[in-house]
Amino acid sequence: TVTVSLSLDPIRGYGHVTGSPAMALAAAWQHGWCRACRRAAANAAAPPVAASAATARTRWLGSTPTSAAASSTSSLDKLSVSDLKHFLDAAGIDYRDCVEKHELAQRLQASHRRGELEPKLHAQLDAALRQGKASVPETASALGGAGDAPSSSSLLEEERRTISVFERCAPSVVHLTCSTLAQAHPFSLDVSEIPQGTGSGFLWDSDGHVVTNFHVVRRAQRARVAMADTSAAPYEANLVGAEPDKDLAVLRIQAGGEASGRRFVPLRIGSSHGLRVGQKVYAIGNPFGLDQTLTSGIVSGVGRDIQGVTGRTIRGVVQTDAAINPGNSGGPLLDSSGRLVGVNTAILSPSGASSGIGFAVPADTVRHVVNQLIRYGRVTRPALGVSLGAVHQHARRLGLEGATVLSVVPGSGADRAGICGARRTSTGQVVLGDEILAVNGKPVREAEDVLAVLEACEVGDVVHVVVKRDGRRIKLQVHLQAKTD
């Protein structure tokens, strides 16, 4: 009777044989041990090993690089090719000359024998082998999440920060598909769905409200919202409200079906008033239909004014060189902490593609508009209660300095303050209305100047207005009221 014990160490790749070396070798052949165990016994029976110690170690992988049969018995075969490359990359090991899987395994084992694997990486490899994971994402998850994945050790700090922002914020960014319904013939009951384009958006709250650009949904009769989790079917969404002058709109995912049990994770909302030129920003969206695309850049400018889709000026816009292309509209512009600082809305480009100059509606404006749209379905804006004339060359020739009042809304704050509009005398002569020269100390040259001042006010505020009437300057106080359509 021969007593031989064989213990295996799958990580270090060695078999330990104890007992009489000669007996071990005889038992190996007599009892039909596998090739690796026979090699362990043979190495134990070799004179140098037998003379030096009672315990011998042999390579767990095949000693011949091209031996596929030997490598198939290795515990490293539990790992996929992607896993092996993953760990080799993490250890900084060059494997460009490896063609087959067993060569990758041998390269990894040889690196460990030379002590090139860090303790943390060795522990991760050990855990992966014990759990028999077969894919890099699962292995990374088992080891504590993407942030602790083996490859993170080879990334720069800035890269890890960028990856963290994307992985944290991407689930809150959605892909919008808009369409209209049309009848093929006036007397036909067949209705065709005509695509109107795609865009981006993001979750505002856990109730399923989605913020996007107005121009994305302007002509849409139907909108579908696709989440970052592509395994779920797109959700139908309804329009809650829109503010065309700010190019913003709010949708809400329809309740019921799969959406009823879905947990919506909104973005964190930051502030735009403290942005500084040179600050790092990220844009996530769906340019050209390529969903979940991340681009990065810096804040190139702040306080810009651009013309919106209605022709009105959008003020305080954030300028960035992060690549923004068709399809990015409505997507978020994020700071390095993953907080919303703007909604991507337009680019300055003669070709229609990104030219390094993109614009985003500032987060402070977005917060003000979206909260009103969700609560009231529309934006309540303060107004003086006057209709102002457009500026043209004839007005300047007549010596007019400010914005001319054409008419006054009866019962409005301007009416009660005594502002006068244009009127016709009994003889048919037209008398021009008051000229508004300043509002709250800000000079006024045209109607847009008045609107710019009122944007910073609330309904119920009192503004100081300076008007010119019959050559005299008059100071008035006007109570602002909600603008009526």
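Visitor: Is there a simple way to think about the overall build of the protein chain in this case?
Guide: Across its full length, the protein chain carries 14 helices and 26 strands. Counting the 485 residues in the protein chain, one finds 42% classified as buried. A separation threshold of at least 6 residues defines the contact pool for the protein chain, and within that pool the share at least 24 residues apart is 58%. As displayed, the protein chain offers around 24700 Å² of accessible surface, 52% of which is attributable to carbon and sulfur atoms.

Visitor: Can you help me understand the side chain of Q292 in this one?
Guide: Tracing the sequence through the fold places Q292 in the loop between strand 11 (280–285) and strand 12 (293–307). Only 3.3 Å separates the side chain of Q292 from the backbone oxygen of V173, close enough to count as a polar contact. Dropping the residues within four chain positions of it, Q292 is found in contact with F166, A170, V173, A228, G285 and N286.

Visitor: Teacher, can you tell me more about unusual backbone geometry here?
Guide: Most peptide bonds take the trans configuration, and most residues that are not glycine carry a negative phi. Not every positive phi belongs to a glycine, and N440 is a case in point at roughly 55 degrees. With respect to the helices, strands and loops of the structure, N440 is situated in the loop between strand 22 (435–439) and strand 23 (442–443). One non-glycine residue with positive phi stands out, namely D470, at about 55 degrees.

Visitor: Would you take a moment to explain the packing of helix 5 (residues 81–91) against helix 7 (residues 119–131) for this structure?
Guide: Helix-helix packing is characterised by the crossing angle of the two axes and by the distance between the axes. With their axes 11 Å apart at the nearest point, helix 5 and helix 7 run at an angle of 170 degrees to one another. For the element pair helix 5 / helix 7, the angle class is roughly antiparallel. For the pair helix 5 and helix 7, contact is made by F87, A90 and A91 and by L121, Q124, L125 and A128, respectively.

Visitor: So what exactly am I meant to see when it comes to the pattern of salt bridges here?
Guide: Pairs can form between side chains of opposite charge once their charged atoms are near each other. Counted by the stated rule, this structure contains 21 salt bridges. Two residues, D94 and R96, come together in a salt bridge whose shortest N-O distance is 2.7 Å. Salt-bridge contacts for R222 lead to E236; the nearest nitrogen and oxygen are separated by 2.7 Å. Residue R222 is found in strand 7 (residues 222–226), and its partner E236 is found in strand 8 (residues 235–243); the two are separated by 14 residues along the sequence. Among the charged side chains, a network of salt bridges with common partners joins E243, D245, K246, D305, R312, R315, R381, E448 and E455.

Visitor: Sorry, what's going on with the pairing of strand 8 here?
Guide: Each regular strand shows side chains that alternate between the opposite faces of the sheet. Sheet topology places strand 7 next to strand 8; 3 bridges connect them, and they run antiparallel. Counted as the bridge partner of V225 is Y235 from strand 8. Where strand 8 lies against strand 9 (residues 248–253), 6 bridges are found, and the strand directions are antiparallel. When the bridges of strand 9 are listed, L239 appears paired with L251. Where strand 8 folds back onto strand 9 in an antiparallel hairpin, the turn is made up of 4 residues, including D247, whose phi is positive at roughly 55 degrees.

Visitor: How do you make sense of the pairing of strand 11 when you look at a structure like this?
Guide: For strand 11, a buried count of 5 out of 6 residues is recorded, marking the element as mostly surrounded by other parts of the structure. Relative to strand 12, strand 11 is paired through 6 bridges, and the arrangement is antiparallel. Bridged to K280 within strand 12 is I298. Pairing analysis gives 3 bridges linking strand 11 to strand 14 (residues 332–335), with the strands arranged antiparallel.

Visitor: Got a minute to help me understand the environment of N344 in this structure?
Guide: Note on placement: N344 falls in strand 15 (residues 339–347). On the basis of relative accessibility, which here comes to 0%, the residue N344 falls in the buried class. Considered as a pair, N344 and T212 are 132 residues apart in the sequence and their alpha carbons are 8.9 Å apart. Apart from residues lying up to four places away in sequence, N344 is in contact with N213, A283, I324, N328, S329, G330, G331, P332, L333, F359 and A360. From its side chain, N344 meets the backbone oxygen of P332 in a polar contact 3.4 Å long.

Visitor: What should I look at first to understand the confidence of the model for the protein chain in this one?
Guide: Interpretation of the predicted coordinates at a detailed level should be avoided for regions scoring low in pLDDT. Per-chain confidence: the protein chain averages 78 in pLDDT, with 74% of residues scoring 70 or above. Scored below 50 in pLDDT, residues 45–73 shows 65 contacts in the model against residues more than four places distant or in partner chains. Note on residues 134–150: pLDDT under 50 across the span, and 30 contacts to partners over four residues away in sequence or across chains.

Visitor: Honestly, the packing of aromatic side chains in this entry has me stumped. Any pointers?
Guide: For any two aromatic rings, the description comes down to two numbers: the centre-to-centre distance and the angle of the planes. Evaluation of the coordinates by the stated rule reveals 1 aromatic pair. Ring geometry for Y235 and F264: centres 6.3 Å apart, planes at 85 degrees, overall edge-to-face. Of this pair, Y235 sits in strand 8 while F264 sits in the loop between strand 9 and strand 10 (268–269); the two residues are 29 residues apart in sequence, bridging distant segments of the chain. With a relative accessible area of 8%, F264 lands in the buried category.

Visitor: Whenever I open this one, helix 7 confuses me. Can you help?
Guide: Because an α-helix packs 3.6 residues into every turn, residues spaced three or four apart end up facing the same way. Here helix 7 spans 18 Å end to end across 13 residues, near enough to the 18 Å set by a 1.5 Å rise per residue. Here helix 7 has its buried residues at L121, H122, Q124, L125, A127, A128 and L129.

Visitor: How should helix 11 (residues 363–376) be read in this particular structure?
Guide: Counted at 1.5 Å a residue, the expected span for helix 11 with its 14 residues is 20 Å, and the 20 Å between its end C-alpha atoms agrees. Considered for burial, the residues of helix 11 that qualify are A363, V366, V369, V370, Q372 and L373. Residues of helix 11 that are buried sit in contact with strand 6 (209–212), strand 8, strand 9, strand 15 and strand 16 (358–362). One or two residues past the end of helix 11 sits G377, with phi positive at roughly 85 degrees.

Visitor: Even after reading the chapter, I still don't get the side chain of H112, so can you show me in this structure?
Guide: Tracing the chain through its elements places H112 in helix 6 (residues 101–113). Taking relative accessible area as the criterion, H112 reaches 16% and is therefore assigned buried. A distance of 3.1 Å separates a polar atom in the side chain of H112 from a polar atom in the side chain of H122.

Reading the values: rules and limits
Residues numbered from 1 in each chain as written. Predicted model: local features only at pLDDT ≥ 70, side-chain atom pairs only at ≥ 80, totals over all residues. Heavy atoms only, no water. Helix = DSSP H or I, 4+ residues; strand = E, 2+ residues; numbered from the N terminus. Buried < 20%, exposed > 50% of the residue type's maximum accessible area, 1.4 Å probe, protein only. Contact = heavy atoms within 4.5 Å. Areas by Shrake-Rupley, 256 points an atom, 1.4 Å probe, with all protein chains shown as cover. Polar contact = N/O pair within 3.5 Å; in protein donor to acceptor, adjacent residues only side chain to side chain. Axes fitted to C-alpha atoms, helices over the stretch in contact; angles between N-to-C directions. Parallel < 35°, antiparallel > 145°, perpendicular 65-115°, else oblique. Salt bridge = Lys/Arg side-chain N within 4 Å of Asp/Glu carboxyl O. Pairing = 2+ DSSP bridges. pLDDT = per-residue confidence, 0-100. Phe/Tyr/Trp six-rings, centres within 6.5 Å; stacked < 30°, edge-to-face > 60°. Expected span 1.5 Å × (residues − 1).

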